[in-house]
Amino acid sequence: MDFQTIYNVPHDMPLGVPIAVYFYLTGLSAGSFVVSVISIISGRSDYKPIGRIGAVVAPLTLLIAPVNLLIDLEQPLRFWHLFVYWNPQSPITYGSFLLTIYPINGIIYAWFLFRGDQKLAKALGMVGIPLAIATHGYTGFILALGKGRALWSTALMPTLFIVSAMVSGIGLMIALATLRWRFFSKSSTPVEHEQDRRLILSLAKIMGAVALFDLFLVGNDVLVLFTSKVEELEVAKLILTGAFAPLFVGVEICLGGLLPAFLVFFPRTGRRVRYCFLASILTLIGILAMRIVVVIAGQSTPLH
Amino acid sequence: MVIDLRKCVGCHSCSVACKAENDVPPSVFRSWVKIIEKGKYPNVSRSFLPSLCNNCESPICVRNCPVGASFKREDGIVLVNPHRCIGCKYCIASCPYDVRFINPIRKIVQKCYFCHHLVDAGMQPACVETCIGRARVFGDLNDPNSDVAQLVAKHPVTVLKQEMATQPQVYYIGADLDAMDPMKGRLEAVNSDR
């Protein structure tokens, strides 16, 4: 039968690209922080450069991230309401405290790490890991509790966010470690140089594995969308064959997921730093595409 | 509120009355009438769906508001405290009915409040007062003698997206299934069906 909507009032999409970029930056921060702490706790001296890079990058990205939130507010000068008026049922209330505590912890951790106080750095790192995961996990809950949107309201969302955060965090570590290895290691001995090369290659393997796990989760999500209710089916069509297909299938899945995994696991490319560097850049782009698809496509199906 | 669609003629008086009563700026609406057409000539029909905030019994927007600006009054009306709202737009994103919006002048979230200022003064909401077919009826559902309670008791009624467990408080009599479906009548939805 033919249907035609003659008149209707759609309202503007509430959350835009700044929110997607905010999710991306907290993800980068959480991922690089966890990588940094793990490499410090392992106690191996050859992992040290990664620990240091992560300790600097994690607080830096997290200082930029809330700026996106602030400019997205319609009443930016009222941001302090978040700390005075609480709603224990809202994930944003938890988030505003996590977004304050986590970077402070991260900065103190970096301070002790660079001062050479390993013991205190390790302790603060241990405290920081759950904080980092909570800081990024809560953003997943923001979307998961947005019950009206079919793409968002899945129990998989917080896990998906944390796993993709790990992918992008390790990706950023590889990219920065490669730059350091290539341009800023003039004073290092050949042995150290070789150590750093091996470190980059082994990090790339970990990134490839986590990226494949991330793809597995995305696959689960899409499969269930297809066998679920009308709105879920509609949004699944939108991202797989509709307007968001180039960004979702093209950039997120192929360019940012399958191709990097191939590059790091294929023996001929996996032992070359330049291909691992390329793979890390591709995952960084792919995860950014994932954030944009989730936020924007999630709001692109009509609600009434 | 009960909306008896057998009496609705799709005149948009409710939308206009709402705009005038509540100073709703251009480009946004607190209440509007969705219109769809279906079928092929000569077997065609046009259906109306007056749309407004459902002032849900368990509202997702209130649960998700980080600063408690959205709240439910004791009588069930869901309000936004204009002085507390920070404009994070999370409530708009979580509402399954897309009835909330940012007021482009005041830069806060607004929606239909069942004209609570009139209701508190013992009057009817503007849309109810103005409805030429008397399709809209407003009252206390807990009072068995009220018009709304009697209408809901005597007629088959329906609400929008019952599956969201929000318990919407706008009841429709004689609503068209296709008018209530967000996907029907959209170009992309039509194309994907073929």
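This report concerns the structure included in the present document. (Residues numbered from 1 in each chain as written. Chains lettered and ligands numbered in written order. Predicted model: local features only at pLDDT ≥ 70, side-chain atom pairs only at ≥ 80, totals over all residues. Heavy atoms only, no water.)

## Side note on the sheet that holds strand β1 (residues 3-7) of chain A
In a beta sheet, neighbouring strands are held together by backbone hydrogen bonds and run either parallel or antiparallel to one another.
Okay, so step 1: On the basis of which strands lie adjacent, the open sheet formed by three strands has the order β1(A)-β2(B)-β3(B) and antiparallel pairing. Strand pairing shows two members of the sheet lacking a second neighbour, β1 of chain A together with β3 (43-52) of chain B, which therefore form its edges. Direction aside, neighbouring strands of the sheet carry axes that sit 25° apart on average.
Okay, so step 2: Taken together, the four bridges between β1 of chain A and strand β2 (residues 31-40) of chain B define a ladder with antiparallel strand orientation. Residue Y7 of chain A lies in a different strand from β2 of chain B, and its bridge partner there is I35 of chain B. (Pairing = 2+ DSSP bridges. Helix = DSSP H or I, 4+ residues; strand = E, 2+ residues; numbered from the N terminus. Axes fitted to C-alpha atoms, helices over the stretch in contact; angles between N-to-C directions.)

## Concerning the pattern of salt bridges
Okay, so step 1: Inspection of every chain in the model, using the stated rule, returns 17 salt bridges over all chains.
Okay, so step 2: For K89 of chain B, the salt bridge is made with E74 of chain A, and the minimal N-O distance between the two is 3.1 Å. Remark: E74 of chain A occurs in the loop between α2 (48-72) and α3 (81-84) and K89 of chain B occurs in the loop between β5 (78-80) and α3 (90-94); the pair is interchain, linking two chains.
Okay, so step 3: Judged by relative accessible area, K89 of chain B falls into the buried class, the value being 7%.
Okay, so step 4: When the shortest N-O distance is used, the salt bridge between E194 of chain A and R198 of chain A registers 3.3 Å. Within this pair, E194 of chain A and its partner R198 of chain A are both found in helix α7 (residues 190-226), separated by four residues, close to a single helical turn.
Okay, so step 5: Overall, R198 of chain A belongs to the exposed group, its relative accessible area being 55%.
Okay, so step 6: Connected via shared salt-bridge partners are K38, D176, D178, D181 and K184 of chain B. (Salt bridge = Lys/Arg side-chain N within 4 Å of Asp/Glu carboxyl O. Buried < 20%, exposed > 50% of the residue type's maximum accessible area, 1.4 Å probe, protein only.)

## Some thoughts on empty space enclosed by the protein
Over the atoms, a rolled probe matching the size of one water molecule traces out where space is still vacant.
Residue and element names in this part refer to chain B.
Okay, so step 1: Scanning the entire structure with this criterion turns up ten cavities of 30 Å³ or more.
Okay, so step 2: Estimated volume of the largest cavity: approximately 120 Å³.
Okay, so step 3: Taken together, 17 residues form the lining of the largest cavity, with C8, V9, C11, C14 and C131 sitting closest to its centre.
Okay, so step 4: Taken together, the residues that form the lining of the largest cavity break down as eleven nonpolar, four polar and two charged. (1 Å grid on protein atoms, 1.4 Å probe; cavity = no way out; pocket = protein on both sides within 12 Å on 5 of 7 lines; lining within 4 Å. Points joined across faces, edges and corners; volume = space filled by probe spheres on them. Nonpolar A, V, L, I, M, F, W, Y, C, P; charged D, E, K, R; others polar.)

## Re the packing of aromatic side chains
Residues and elements named next belong to chain A.
Okay, so step 1: Overall, the coordinates contain nine aromatic pairs over all chains when judged by the stated rule.
Okay, so step 2: Aromatic side chains Y22 and F23 sit 5.6 Å apart centroid to centroid with 50° between the ring planes, which places their arrangement in the tilted category.
Okay, so step 3: The buried category is assigned to Y22, whose relative accessible area is 1%.
Okay, so step 4: For F23, a relative accessible area of 2% corresponds to the buried category.
Okay, so step 5: Taking the centre distance of 5.2 Å and the plane angle of 80° together, the rings of W86 and F97 count as edge-to-face. Of this pair, W86 sits in the loop between α3 and α4 (91-115) while F97 is found in helix α4, placing the two residues eleven residues apart along the sequence. (Phe/Tyr/Trp six-rings, centres within 6.5 Å; stacked < 30°, edge-to-face > 60°.)

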